[in-house]
Amino acid sequence: MSFASEELRARSTLEDAEETAGTSRDSARWYAVQVASGCEKRVKTNLEQRIQTLDVADRILQVEIPQTPAVKIRKDGSRQTSEEKVFPGYVLVKMAMDDESWQVVKNTPNVINFVGAEQKRRYGRGRGHVKPMPLSHSEVERIFKQAREQEPIVKVDMAVGDKIIVLSGPFKDFEGEVIEVSPERSKLKALLSIFGRDTPVELEFNQVEKQG
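I will try to describe carefully the structure that is included in this document. (Residues numbered from 1 in each chain as written. Predicted model: local features only at pLDDT ≥ 70, side-chain atom pairs only at ≥ 80, totals over all residues. Heavy atoms only, no water.)

Quick word on the sheet that holds strand β1 (residues 29-35)
- Across the sheet, 4 strands lie side by side as β2-β5-β1-β6; this open sheet has antiparallel pairing. The open sheet is flanked by β2 (60-64) and β6 (111-114), the only strands paired with a single partner. Sheet twist, expressed as the mean angle between neighbouring strand axes with direction ignored, is 30°.
- Alignment of β1 against β6, held across 3 bridges, turns out to be antiparallel. By the bridge assignment, Q34 is partnered in β6 with N113.
- The strands that helix α2 (residues 40-53) touches are β1, β2, β5 (90-95) and β6; relative to β2, the one it contacts most, it runs at about 165°. (Pairing = 2+ DSSP bridges. Helix = DSSP H or I, 4+ residues; strand = E, 2+ residues; numbered from the N terminus. Axes fitted to C-alpha atoms, helices over the stretch in contact; angles between N-to-C directions. Contact = heavy atoms within 4.5 Å.)

Structure, rendered in structure tokens:
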């Protein structure tokens, strides 16, 4: 066989491979994958490593954990920025579904299953298998838009009904019960027993401590 025909065959093989990869990318859809609670980041890291090791990057294109910004207000009034998962217990994977890519995801440690329609067994006992169902384009757009545009979630370790003691200010050492929490203002209202009567008083978060 001549050098020219060898080069032509190699080029043809390369073009076929590129066409197949292009087809895989074009057919890729987003799937929701249920994972063990609290293991979202671990699954993402492990799956991304497996994608490279098992050489399926042309079919499993992206692994995401949609998150929104959050601000946690500590007892001393300081603020700590963090990320809040939009769907705790789930990871989103953009992939071209086939037997091999399905196995790569399904066999990743701490992955429970794809979200989809359960297919009953034709015979025998026990549950059938789940047929993965891709998310619609509108669902995907909504999820990522929510993660991108949502205002930061303000969280505070204080809730209505909590018992508190006042640490500073004119009501120092008074005890009471929280009746309203305003995270955006870093304040709360509590009923304090003043002269034998329950009186609502507004306090800063850093003025009180939760009891019990």
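Still to come is the rest of the account.
What to know about the pattern of salt bridges
- All told, the structure shown has 10 salt bridges when counted by the stated rule.
- For K44, the salt bridge goes to E48, with nearest N and O atoms at 2.8 Å. Here E48 and K44 lie together in helix α2, a separation of 4 residues that amounts to about one turn.
- Taking the relative accessible area as the measure of exposure, K44 reaches 21% and is therefore partly exposed.
- The closest approach of N and O atoms between K187 and E202, which form a salt bridge, is 3.8 Å. Separated by 15 residues along the polypeptide, K187 in strand β12 (residues 187-194) and E202 in strand β13 (residues 197-204) bring together distant segments of the chain.
- With a relative accessible area of 39%, E202 lands in the partly exposed category.
- One salt-bridge network, in which partners are shared between bridges, spans D58, R59, D98 and E100. (Salt bridge = Lys/Arg side-chain N within 4 Å of Asp/Glu carboxyl O. Buried < 20%, exposed > 50% of the residue type's maximum accessible area, 1.4 Å probe, protein only.)

What to know about the nonpolar core
- The biggest cluster of nonpolar side chains holds 18 residues, and the ones touching the most others in it are V33, L47, I60, V91, V93, M95 and V105.
- Elements with a minimum of two residues in this core: β1, α2, β2, β5, α3 (99-106) and β6.
- The contacts of I60, once residues within four sequence positions are left out, are I51, V93, K94, M95, S101, V104 and V105.
- Counting residues in each nonpolar core, the second largest holds 12 residues, with V178, L188, L192 and I194 among its members. (Core = buried A, V, L, I, M, F, W, Y, C linked by side-chain atoms within 4.5 Å.)

A word on the side chain of Q207
- Structurally, Q207 is set in the loop between β13 and β14 (208-210).
- Ignoring sequence-local partners within four residues, the contact set of Q207 consists of I165, V166, L167, S168 and G169.

Side note on α3
- Those residues of α3 that sit buried are S101, V104 and V105. All buried residues of α3 project into a common sector of 95° when viewed along the axis, lining one side.
- In this fold, the buried residues of α3 make contact with β1, α2, β2, β5 and β6.
- The distance from a side-chain oxygen at the start of α3 to the backbone nitrogen of E100 is 3.1 Å, and the residue carrying that oxygen is D98. (Arc of directions from axis to C-beta. Polar contact = N/O pair within 3.5 Å; in protein donor to acceptor, adjacent residues only side chain to side chain.)

A short note on unusual backbone geometry
- The residue N110 is not glycine, and still its phi comes out positive at about 75°.
- Structurally, N110 is set in the loop between α3 and β6.
- Notably, D173 is not glycine yet its phi reads approximately 75°, a positive angle.
- You can see D173 is positioned in the loop between β10 (163-166) and β11 (175-182).
- The exposed category is assigned to D173, whose relative accessible area is 53%.

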